[in-house]
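# Notes for the structure review
The residues making up each chain are set out below.
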Amino acid sequence: SQQCFMESRHCLAAASVIFSQAGQVPSAEDNETEQDQQDLRQRKAEIARCWIKYCLNLLQSARKLLEDNIGELDPDRQLELKAQRKKEEDEKEKGRKKAVLFGTSDICDSVLAMEEKVSSVYPLDFQEAREIFLVGQNYVQEAKEFFQVDGYVTDHIEIVQDHSALFKVLAFFEEDYERRCKMHKRRIDMLEPIYADLNPQYYLLISRQLQFELADTFYEMMDLKVAIGNRLEELDSHTIKKINSLAQLAIKYYELFLDSLRNPDKVFPEELEEDVLRPAMVAKFHIARLYGKLITSDSKKQLENMQTSLEYYTFLVDYCEKYPAAVRAVETELELSKEMVGLLPTRMERLRAKLCPFI
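Going by the annotation in an unreviewed UniProt entry, the name recorded for the protein is KIF-binding protein, with Calonectris borealis given as the source organism. The Subcellular location (unreviewed entry) comment attached to the protein in UniProt states, word for word, "Cytoplasm, Cytoskeleton".

Okay, here's the thing in structure tokens:
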């Protein structure tokens, strides 16, 4: 969190090296109990989890540096940072390397060799990001060997969520929309089975996190398919079907998330708790937008979708009028919702006029 990735990597490399040696040193009696073995396995998995976080944080920090105002990769910024890095890199490394070194020269060599397996500088393109991603993914497998679903439900799910987050941030660096879509599909394939097996009665918070992440992933995939469709001269039926299917799946999971906020009598809360305020509002906003993206040649159905869309946008506007403190959490979404609440009724009127020209 301090952006000191070189130091973090050094500490983690030292931990890995010392740990690998600990397994080789015979104890005085050399009769390690099963419990000792279990503890060692757990420590190894915990170090692996720290490496996952290292790779994830490094990729996410790079993303923040490189994204434009709509969350896409900014090529000008990319070139600028590459030039800047070339200049700074050598000086920085020399100065900081002297600052912290562990142990004897043998250990130093081993730690150095470990460090060289993964970068400590921000990745600035897909190739660099992929190398860090692959290191993180290897540690995901290692951590999952110990933290299995039986006995370590929460830990196991957190590791899978980190794996999904690694794919998500790698997709940011990928320029090809189809390949980006495939990466998000990998996230769906790892998250859906876990969600299906989870009892929300005992794991409500995790269940909500998964519902929201699945909804968001389907939403991103739908956006990508729309962008792919926009490049075609004419939308073919397969692309239309895919866009609608992804939009409906996103709506399904956002609705499941919103339903989880209802009280036992199935009533949606009058005022939302602070920790769920932004996700609930974003879910409402995204559902409104998704209904607007559904493609149908049936004008009556189109009118219904626009009506549903308007209801969700209106909810957002009305809620923020009633609870002004909520505005800060959803400024961008609120602005767009107000715009849509102004535009949609006119569009609907036009469509109704087309539907009933003889009335």
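From this point, the discussion proceeds with the structure in view.
The next subject is the overall build of the protein. A tally of helices and strands in the protein yields twelve helices and zero strands. Taken from the N to the C terminus, the helices and strands of the protein come in the order α-α-α-α-α-α-α-α-α-α-α-α. Taking the principal axes of the C-alpha coordinates as reference, the protein spans close to 95 × 50 × 45 Å. Out of the 359 residues in the protein, the part that is buried amounts to 41%. Summarising the internal contacts of the protein: among those between residues at least 6 apart in sequence, 75% fall at separations of at least 24. Looking at the protein as shown, the accessible area adds up to about 21,000 Å², and 51% of this sits on carbon and sulfur atoms. Computing the positive centroid from 49 side-chain charges and the negative centroid from 64, the protein places the two 4 Å apart.

Trp-51 and Tyr-254 are the most contacted members of the largest nonpolar core, which has 105 residues in total. When residues in this core are grouped by element, the largest group, twelve residues, is from helix H2 (residues 34-66). Look past the residues within four positions of Trp-51 in its chain and what remains in contact with it is Arg-9, Leu-12, Ala-13, Ser-16, Met-114, Val-118 and Tyr-139.

In this structure, the largest pocket spans a volume of roughly 1,400 Å³. Together, 42 residues line the largest pocket, and Tyr-219, Asp-223, Phe-285, His-286 and Arg-289 are the ones closest to its centre. Among the elements that line the lining of the largest pocket, the one with the most residues is helix H10 (residues 274-293), at ten residues. Partitioning the lining of the largest pocket into residue classes produces 20 nonpolar, ten polar and twelve charged.

A few words on the packing of helix H8 (residues 204-230) against H10. At a minimum axis separation of 11 Å, H8 and H10 run at an interaxial angle of 35°. Crossing handedness for the pair H8 and H10: left-handed. Of the residues in H10, those touching H8 at Arg-208, Phe-212, Asp-216, Tyr-219, Met-222, Asp-223 and Val-226 are Val-276, Pro-279, Val-282, Ala-283, His-286, Arg-289, Leu-290 and Lys-293. Of the residues that constitute the contact of H8 with H10, the class distribution is nine nonpolar, one polar and five charged.

Right, let's talk about the packing of aromatic side chains for a bit. Applying the stated criterion to the full structure yields 19 aromatic pairs. Plain terms: the ring middles of Trp-51 and Tyr-139 are 5.4 Å apart, the flat faces sit at 5° to each other, and that makes the pair stacked. Taken as a pair, Trp-51 in helix H2 and Tyr-139 in helix H5 (residues 126-146) lie far apart in primary sequence, 88 residues in all. Judged by its relative accessible area of 1%, Trp-51 falls in the buried class. Both rings, one in Phe-218 and one in Tyr-253, keep their centres 6.0 Å apart while their planes meet at 10°; by these two values the pair is stacked. Taken as a pair, Phe-218 in helix H8 and Tyr-253 in helix H9 (residues 237-259) lie far apart in primary sequence, 35 residues in all.

Criteria and thresholds
- Residues numbered from 1 in each chain as written.
- Predicted model: local features only at pLDDT ≥ 70, side-chain atom pairs only at ≥ 80, totals over all residues.
- Heavy atoms only, no water.
- UniProt positions renumbered as here; feature names shortened; annotations may be inferred.
- Helix = DSSP H or I, 4+ residues; strand = E, 2+ residues; numbered from the N terminus.
- Buried < 20%, exposed > 50% of the residue type's maximum accessible area, 1.4 Å probe, protein only.
- Contact = heavy atoms within 4.5 Å.
- Areas by Shrake-Rupley, 256 points an atom, 1.4 Å probe, with all protein chains shown as cover.
- Lys, Arg positive; Asp, Glu negative; His and termini not counted.
- Charge placed at Lys NZ, Arg CZ, Asp CG, Glu CD.
- Core = buried A, V, L, I, M, F, W, Y, C linked by side-chain atoms within 4.5 Å.
- 1 Å grid on protein atoms, 1.4 Å probe; cavity = no way out; pocket = protein on both sides within 12 Å on 5 of 7 lines; lining within 4 Å.
- Points joined across faces, edges and corners; volume = space filled by probe spheres on them.
- Nonpolar A, V, L, I, M, F, W, Y, C, P; charged D, E, K, R; others polar.
- Axes fitted to C-alpha atoms, helices over the stretch in contact; angles between N-to-C directions.
- Left-handed = near helix turned anticlockwise from the far one by under 90°.
- Phe/Tyr/Trp six-rings, centres within 6.5 Å; stacked < 30°, edge-to-face > 60°.

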